[in-house]
Amino acid sequence: MRREPCQHRQRAMYRNQMSVFFSRTLRGRCAILVCALCSLGVTTAPLRAQADQSAPGADKTAAGDKAPANKPDAGKEELPPLPPEAHAQQSIELDGKKLQYTVTVGALPVRDKDGKVAGEVVVTSYTMPGNDRPATFALNGGPGASSVFLNFGAIGPKHLQGAGNEGDSPSDPTVLTDNQGTWLDFTDLVFIDPIGTGFSRARVPDDQAKKLFYTTTPDIEYLSRVIYDWLVKNDRMESRKYLVGESYGGFRGPRITYYLQSQLGVAMNGVVLVSPYLNPSIDDNKDLSPIPWMMTLPSITAANLERQKKLTPEAMADVIAYTEGEYATTLIKGRADQVATDKMIARVTEMTGLDPEFVKYSGGRLETEAYLREVHREQGKLGSVYDSNVTSFDPFPFAPEQRANDPILASIIAPMTTAMVDFITRTVGWKVDARYNALSYAVNRAWDRDGDDLRSGSVPQLRQAVAADPKLRVMIVHGWNDLSCPFMGSVLTVDQMPVMGDPARVSVHEFPGGHMFYTRETSRIALRKDVEEMYSKH
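Because the structure is predicted, anything quoted here is derived from the model rather than measured. (Residues numbered from 1 in each chain as written. Predicted model: local features only at pLDDT ≥ 70, side-chain atom pairs only at ≥ 80, totals over all residues. Heavy atoms only, no water.)

**Remarks on the overall build of the protein**
Piece 1. Helix and strand counts for the protein come out as 17 helices and 15 strands.
Piece 2. Of the roughly 20600 Å² of accessible surface on the protein, 50% is carried by carbon and sulfur atoms. (Helix = DSSP H or I, 4+ residues; strand = E, 2+ residues; numbered from the N terminus. Areas by Shrake-Rupley, 256 points an atom, 1.4 Å probe, with all protein chains shown as cover.)

**Things to note about the pairing of strand β2 (residues 86-94)**
Piece 1. Of the two faces of β2, only one is covered, namely that formed by Ala86, Ala88, Gln90, Ile92 and Leu94; the face formed by His87, Gln89, Ser91 and Glu93 stays uncovered.
Piece 2. Note that β2 and strand β3 (residues 97-111) share nine bridges and pair antiparallel. Bridge assignment links Ala86 to a residue of β3, and that residue is Val105.
Piece 3. Connecting β2 to the antiparallel partner β3 that follows it, the hairpin turn spans two residues, and Asp95 within it adopts a positive phi of roughly 55°. (Buried < 20%, exposed > 50% of the residue type's maximum accessible area, 1.4 Å probe, protein only. Pairing = 2+ DSSP bridges.)

**Examining the confidence of the model for the protein**
Piece 1. For the protein, mean pLDDT is 87; residues scoring 70 or higher make up 86% of the total.
Piece 2. Here residues 50-76 is a poorly scored stretch, pLDDT under 50, and it has 47 contacts once near neighbours within four places are set aside; other chains count. (pLDDT = per-residue confidence, 0-100. Contact = heavy atoms within 4.5 Å.)

**Some details on the pairing of strand β8 (residues 188-192)**
Piece 1. When you tally the buried positions in β8, you get five out of five residues, the bulk of the element.
Piece 2. Burial along β8 is two-sided: the face carrying Asp188, Val190 and Ile192 and the face carrying Leu189 and Phe191 are both buried.
Piece 3. In the sheet, strand β4 (residues 117-127) pairs with β8 via four bridges, with the strands oriented antiparallel. When the sheet's bridge partners are listed, Val123 is paired in β8 with Ile192.
Piece 4. Sheet topology places strand β5 (residues 135-139) next to β8; four bridges connect them, and they run parallel. Looking at the pairing, Ala135 lines up with Asp188 of β8.

**Overview of the side chain of Thr197**
Piece 1. Along the chain, Thr197 turns up in the loop between β8 and β9 (201-202).
Piece 2. The residues contacting Thr197, other than those within four sequence positions of it, are Gly144, Ala145, Ser146 and Asn437.

**A closer look at helix α6 (residues 216-233)**
Piece 1. Over its 18 residues, α6 runs 26 Å from end to end, which matches the ideal 26 Å to within 8%, given 1.5 Å per residue.
Piece 2. Counting buried residues along α6, 14 of its 18 residues qualify, which places the element largely inside the surrounding structure.
Piece 3. Remark: Asp235 follows α6 within two positions and exhibits a positive phi of approximately 55°. (Expected span 1.5 Å × (residues − 1).)

**So, the environment of Met316**
Piece 1. Among the secondary structure elements, Met316 is positioned in helix α9 (residues 313-333).
Piece 2. For Met316, a relative accessible area of 0% gives the class buried.
Piece 3. In this view, Met316 contacts Pro298, Ala302, Leu305, Leu311, Trp480 and Phe487; residues no more than four positions away in its chain are not counted.

**Brief notes about the packing of aromatic side chains**
Piece 1. Applying the stated rule across the entire model yields 21 aromatic pairs.
Piece 2. An angle of 20° between the planes, with centres 4.9 Å apart, marks the rings of Tyr248 and Phe251 as stacked. On the criterion of helical spacing, the pair formed by Tyr248 and Phe251 is a turn pair, its members being three residues apart in helix α7 (residues 248-264).
Piece 3. The class of Tyr248 is buried, set by a relative accessible area of 1%.
Piece 4. On the basis of an interplanar angle of 40° and a centroid distance of 6.0 Å, the ring pair of Tyr322 and Tyr327 is categorised as tilted.
Piece 5. Pairwise contacts between aromatic rings join Phe213, Tyr214, Tyr222, Tyr248, Phe251, Tyr277 and Trp447 into one cluster.
Piece 6. Taking NZ or CZ as reference, Lys381 lies 4.9 Å from the ring centre of Phe393, over its face. (Phe/Tyr/Trp six-rings, centres within 6.5 Å; stacked < 30°, edge-to-face > 60°. Lys NZ or Arg CZ within 6 Å of the ring centre and 35° of its normal.)

**So, the packing of α9 against helix α16 (residues 487-495)**
Piece 1. Orientation of α9 relative to α16, taken along the N-to-C sense of each, is 65°, at an axis distance of 12 Å. Here α9 and α16 pass one another in a crossing that is right-handed. Facing Met316, Ile320, Thr323 and Glu324 of α9, the residues of α16 in contact are Phe487, Met488, Val491, Leu492 and Asp495.
Piece 2. Here the residues of the contact of α9 with α16 are counted per class, giving six nonpolar, one polar and two charged. (Axes fitted to C-alpha atoms, helices over the stretch in contact; angles between N-to-C directions. Left-handed = near helix turned anticlockwise from the far one by under 90°. Nonpolar A, V, L, I, M, F, W, Y, C, P; charged D, E, K, R; others polar.)

**Some points on the pattern of salt bridges**
Piece 1. One pass over the structure, following the stated rule, counts 23 salt bridges.
Piece 2. One salt bridge in this structure joins Arg133 and Asp188, with 2.7 Å as the shortest N-O distance. Here the residue Arg133 occupies a position in the loop between β4 and β5, and Asp188 occupies one in strand β8, the gap between them amounting to 55 residues.
Piece 3. On the basis of relative accessibility, which here comes to 1%, the residue Asp188 falls in the buried class.
Piece 4. Glu374 is paired through a salt bridge with Arg377; the nearest N and O atoms lie 3.3 Å apart.
Piece 5. When its relative accessible area of 41% is taken as the criterion, Arg377 is described as partly exposed.
Piece 6. In this structure, a network of salt bridges that share partners links the residues Asp95, Asp185, Arg528 and Glu532. (Salt bridge = Lys/Arg side-chain N within 4 Å of Asp/Glu carboxyl O.)

Structure follows, in structure tokens:
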């Protein structure tokens, strides 16, 4: 498989040059919401999302279905039905051209094996007239994140200014601008909020919801069915189809693709995995394996290069080559070669800009939590696991461990929630009396962590989906500074995949920025360019 930087250089170039959301839960390797801790696998009754098209207002009727078997616990107030679908006409200026599009907000019911409504999934879609328009389905991660981050942050027609970057204030006015990085001119966009996120909700008691929605395999199955039902409802089964998933949504991506392909009979043309959580076990065995430290060193170095204004693809090529070569072999040698170890520690100190004593006593093995407290300690600040150059003041600087929330998570939820609620209820006119969950702590706490299903990752499904469809293309994209799901993990994972036809069918691209690198306009526009090129190929 080929790996490409954002300028589309192949993996060979690099070798030729030199060879979730809770601070304590998430400060591991792939932090977007207990990613490294979850392990699911509960056997549950199958679910299906169903778009009832039998009569006008059917969506409202289905949403309001209160079958006796699905009534809440005694004494628990029943939920009112969600509103019928709402539409609004909007436009943006993109590259000097005006795009007219329709925004649609509505709910698709999710039914249990007996046909009873067990939940309602709210979907926000942006569509334009025209023949042969592809449909792209978008999911964020968590577990517990709504799709607002991809919508208003990355690829939707409107972009929320001032969210996710250094110095942004959550109390500033929310401003939506025309997104020059949107994908809307070459694909319709369908943003899906899993149960418990956004306005989507379970219609069953909590214990049933946990089994039906908050565990790995049922999550994949009902979300796949939502995609299937949207296609049927909107007469789009013959459209070209794409999937984009961020973080834990990147974990969902290959599994949903393979489930749709092999079980529901819907084939994706392409998949874009944004800062994905693909391989949960890749950072196991820290005491023996060099891989956990190989994953963090390049991202920490990238952040230092950025602070020095020296971050370039060429500089990162050298970093990757060193990491895969001398750094890895020195770690494997351990105390057997003290001269090599001393040399490595001096090199890591130079690359990262960290205090020499800190690097020395860490043995050149840079643990994420310790680094995030150390890198800006002199300023009394913490770095974010999603981008260590985005900071906040540390309210507990003398505590033995970090007690504050992550700097990005602490600042981004308010503006994203405010902007999305105002957009849905006022601009689109989908009036709903419910709380909007941009990031649900309750879903994350409820997520089932028993079994091995999650720990097995999504790489097996990625390989199988690519093997089954010789035209399927997969683009994995990362920000260099991300320590929650480091880009190096995807590089190492893809490099171990067999070549199946065109080596470029599965590629890794990197951009300046962190986990949500798309909050930077230049990276967001570069991502758009790369994705549009991929779409043009299949």
